[in-house]
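Take a look at the letters that make up each chain.
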Number of protein chains: 2
Amino acid sequence: MTDAADVKGKESYHHGDLRAALLVAGEAVLAETGVEGFSLRQVAKRVGVSHSAPAHHFGDTQGLLSALAAEGFRRFLAAMLARQAEAPDDPREQMLAQAVGYLDFAESAPALFRLMFGSDRIWPSTPELAEAGRAAYRNLTDGVARLRGLAPDDPAALPDVVACWSVAHGFAHLVIGRRMEPVQGLSRDEREALLRQAVAKVLD
Amino acid sequence: MTDAADVKGKESYHHGDLRAALLVAGEAVLAETGVEGFSLRQVAKRVGVSHSAPAHHFGDTQGLLSALAAEGFRRFLAAMLARQAEAPDDPREQMLAQAVGYLDFAESAPALFRLMFGSDRIWPSTPELAEAGRAAYRNLTDGVARLRGLAPDDPAALPDVVACWSVAHGFAHLVIGRRMEPVQGLSRDEREALLRQAVAKVLD
DNA sequence: TGTACATCAGTGAACGCGCGTTCACTGATGTAC
DNA sequence: TGTACATCAGTGAACGCGCGTTCACTGATGTAC
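What counts and what doesn't
Residues numbered from 1 in each chain as written. Chains lettered and ligands numbered in written order. Predicted model: local features only at pLDDT ≥ 70, side-chain atom pairs only at ≥ 80, totals over all residues. Heavy atoms only, no water. Near = heavy atom within 4 Å. Polar contact = N/O pair within 3.5 Å; in protein donor to acceptor, adjacent residues only side chain to side chain. Helix = DSSP H or I, 4+ residues; strand = E, 2+ residues; numbered from the N terminus. Nonpolar A, V, L, I, M, F, W, Y, C, P; charged D, E, K, R; others polar. Contact = heavy atoms within 4.5 Å. Buried area = accessible area lost by both parts, 1.4 Å probe. Salt bridge = Lys/Arg side-chain N within 4 Å of Asp/Glu carboxyl O. Least-squares fit on C-alpha atoms with pLDDT ≥ 70 in both. Buried < 20%, exposed > 50% of the residue type's maximum accessible area, 1.4 Å probe, protein only. Arc of directions from axis to C-beta. Phe/Tyr/Trp six-rings, centres within 6.5 Å; stacked < 30°, edge-to-face > 60°. Domains from an automatic or database assignment.

## Remarks on the protein's contact with DNA strand D
And then number 1: Inspection of the region around DNA strand D gives 21 residues, with His14(A), Ser39(A), Arg41(A), Ser50(B) and Ser52(B) positioned closest.
And then number 2: Here, DNA strand D places atoms within 4 Å of the protein, and 49% of those atoms are sugar or phosphate.
And then number 3: Contact between DNA strand D and Ser39(A): a phosphate oxygen at 2.5 Å from a side-chain N or O atom of the residue.
And then number 4: A distance of 2.7 Å is found between a base oxygen of DNA strand D and a side-chain nitrogen or oxygen belonging to Ser52(B).
And then number 5: Those elements that provide at least two residues to the surface near DNA strand D are α2 (40–47) of chain A together with α3 (53–58) of chain B.
And then number 6: Taken together, the residues that form the surface near DNA strand D break down as 6 nonpolar, 13 polar and 2 charged.

Structure representation (structure tokens):
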């Protein structure tokens, strides 16, 4: 029942896949303490490993947080694609599904979401992180371009891209920050409906 | 030229208005280190006062941060009203001006903005803080109600309120987080124009 | 198949640091008489 | 007007804590011959 029990297979001196285990534990610590209280020592403790072990894999706190953020962007994109996959293959419906996936991710991992979009404790220019973020962004621009009948990189799509992104991001951020009082009391379905309405206003 | 020189009139034992001085210094520390690195000791040092003095006025870090956030909400509202005052007295123009004021504030005090909307290091239920936030929110609902010809507290305004708030908030948050790449390179005027376009999409 | 050796992965003690909190204190101010 | 005293505001030493970083180490693994 100790923290060490969270991770299996540590009878031997070598861990096996400490890097992956640190990422899992790192996300749990992030969720519990927020970015503000995050420390490498807590992560090491949770994995049941010496506190100097993480440095071996990630250098320092920013290194681990950047890796977590990169992983986060990949799951972020996956969450949007999952909603899109079960939505009708219509440009407008695809955009709405994308927004709902945006919210899914933010609600499922609020601390990670804030780390990705609001923290100074990561290096946004890390290649892995930059690429993961770009992939998510490309999904958005592709969706808007398709809806408007433009080429994928036509700058004429920018105003719509910015508007869609802003509304989904603002909604998600206000919800997880519990700063949008009238929405706090609603059910998940009602929140989702409000988000769809808001995005629809932008698209139509 | 020491930090203590930032604040005048401390020849005497008693400071005079330490509470106010701590708020000023607190905001400077917040801007420099972000919420993540914020500490009472740094604030005390900047004012040139013993590190145990702040406790006298604010209890602990959360108390000072909550006071800063409350002050932030009042300035946030003031920033929106300032833009509204110089805009035509037309419901739609007033809403656009409000959004631009939203961005003004976020860009002028990004760390404070994040503290107000995204941090767990404040108590959102502090009376002073809750009231300041509510006042800003009321300005938004009044604007939407006026635009739609509804009573100020008609729940039918909710979808529009949420949509406007989300788009302004998301835009501002993405800009100050430097996470909206295509917008980073633009001038202040171009960013403002993009925001106005985005809000207009919601309103029309 | 067996041995020697290099490399890799994780250990654990030690360090210095900045933090929040506590507490007995002292200087300044205001009030009662 | 003057004195005594209570209250308030800020001091500074001390404490224990968790942190990141360093470093000599040791156990495990893989490879060369």
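## Observations regarding the interface of chain A and chain B
And then number 1: Contacts between chain A and chain B engage 36 residues on the former and 36 residues on the latter.
And then number 2: Between chain A and chain B, the buried area comes to about 3400 Å², and carbon and sulfur atoms account for 63% of it.
And then number 3: Area buried by chain A at its contact with chain B is led by Glu36(A), Arg179(A) and Lys201(A), which between them contribute 22% of it.
And then number 4: Where chain A meets chain B, there are 4 salt bridges.
And then number 5: The salt bridge partner of Asp120(A) is Arg114(B), with a shortest N-O separation of 3.6 Å.
And then number 6: Applying the counting criterion to the chain A and chain B interface returns 13 residue pairs in polar contact (both at pLDDT 80 or more).
And then number 7: Contributing elements (two or more residues each) for the side of chain A that touches chain B: α1 (18–37), α6 (110–118), α8 (158–176), α9 (181–184) and α10 (188–203) of chain A.
And then number 8: Counting residues per element, the side of chain A that touches chain B draws most heavily on α8(A), which supplies 13 residues.

## Concerning the relation of the copies chain A and chain B
And then number 1: Once chain A has been moved 0.0 Å along the axis and rotated by 180°, it coincides with chain B to within an RMSD of 0.0 Å. With respect to symmetry, the two chain copies, as superposed, fit the operation of a two-fold axis. Measuring from the rotation axis to each C-alpha of chain A, the shortest distance belongs to Gly170(A), at 1.7 Å.
And then number 2: A share of 100% of interface residues in chain A that are also interface residues in chain B marks the association as one of identical surfaces.

## Some remarks on the protein's contact with DNA strand C
And then number 1: Near DNA strand C you find 21 residues, and of these Ser50(A), Ser52(A), His14(B), Ser39(B) and Arg41(B) are the closest.
And then number 2: Counted by atom, the contact set of DNA strand C within 4 Å of the protein is 50% sugar and phosphate.
And then number 3: At 3.1 Å, a backbone N or O of Leu40(B) approaches a phosphate oxygen of DNA strand C.
And then number 4: Elements represented by at least two residues in the surface near DNA strand C include exactly α3 (53–58) of chain A together with α2 (40–47) of chain B.
And then number 5: Here the surface near DNA strand C is composed, by residue class, of 6 nonpolar, 13 polar and 2 charged.

## Remarks on α2(B)
Residue and element names in this part refer to chain B.
And then number 1: Burial in α2 covers these residues: Leu40, Val43, Ala44, Arg46 and Val47. Considered in projection along α2, the buried side chains sweep an arc of 160° and stay on one side of the axis. For α2, the exposed residues lying more than 90 degrees away from the buried face are Arg41 and Lys45.
And then number 2: Two residues or fewer after α2 comes glycine 48, characterised by a positive phi angle close to 85°.

## Examining the packing of aromatic side chains
Residue and element names in this part refer to chain B.
And then number 1: In the structure shown here, the tally under the stated rule is 20 aromatic pairs over all chains.
And then number 2: Judged by centre distance (4.7 Å) and plane angle (85°), the rings of phenylalanine 76 and tyrosine 102 are edge-to-face. In this pair, phenylalanine 76 is assigned in helix α4 (residues 61–85) and tyrosine 102 in helix α5 (residues 91–108), connecting sequence segments 26 residues apart. In this structure, phenylalanine 76 and tyrosine 102 share a single accessibility class: buried.

## A few points about the domain arrangement of chain A
Residues and elements named next belong to chain A.
And then number 1: Domain parsing of chain A yields domain 1 (4–59) and domain 2 (68–203).
And then number 2: The gap between the C-alpha centroids of domain 1 and domain 2 is 29 Å.
And then number 3: Every contact between the two is made by 8 residues of domain 1 and, on the other side, 8 residues of domain 2.
And then number 4: Contact between domain 1 and domain 2 buries roughly 750 Å² in total, counting both sides, with carbon and sulfur atoms accounting for 66%.
And then number 5: Viewed at the interface, domain 2 and domain 1 are joined by 1 salt bridge.
And then number 6: When the shortest N-O distance is used, the salt bridge between glutamate 27 and arginine 75 registers 2.7 Å.
And then number 7: The tally of links between domain 1 and domain 2 comes to 2 residue pairs in polar contact (both at pLDDT 80 or more).
And then number 8: Among the residues forming the side of domain 1 that touches domain 2, the class breakdown is 5 nonpolar, 1 polar and 2 charged.

## A look at the environment of Gly26(B)
Residues and elements named next belong to chain B.
And then number 1: Tracing the backbone through its elements, the reader meets glycine 26 in helix α1 (residues 18–37).
And then number 2: Residues glycine 26 and alanine 157 lie 131 residues apart in sequence; the distance between their C-alpha atoms is 38 Å.
And then number 3: The contact partners of glycine 26, leaving out residues within four places of it in the chain, are Phe38, Val43 and Leu68.

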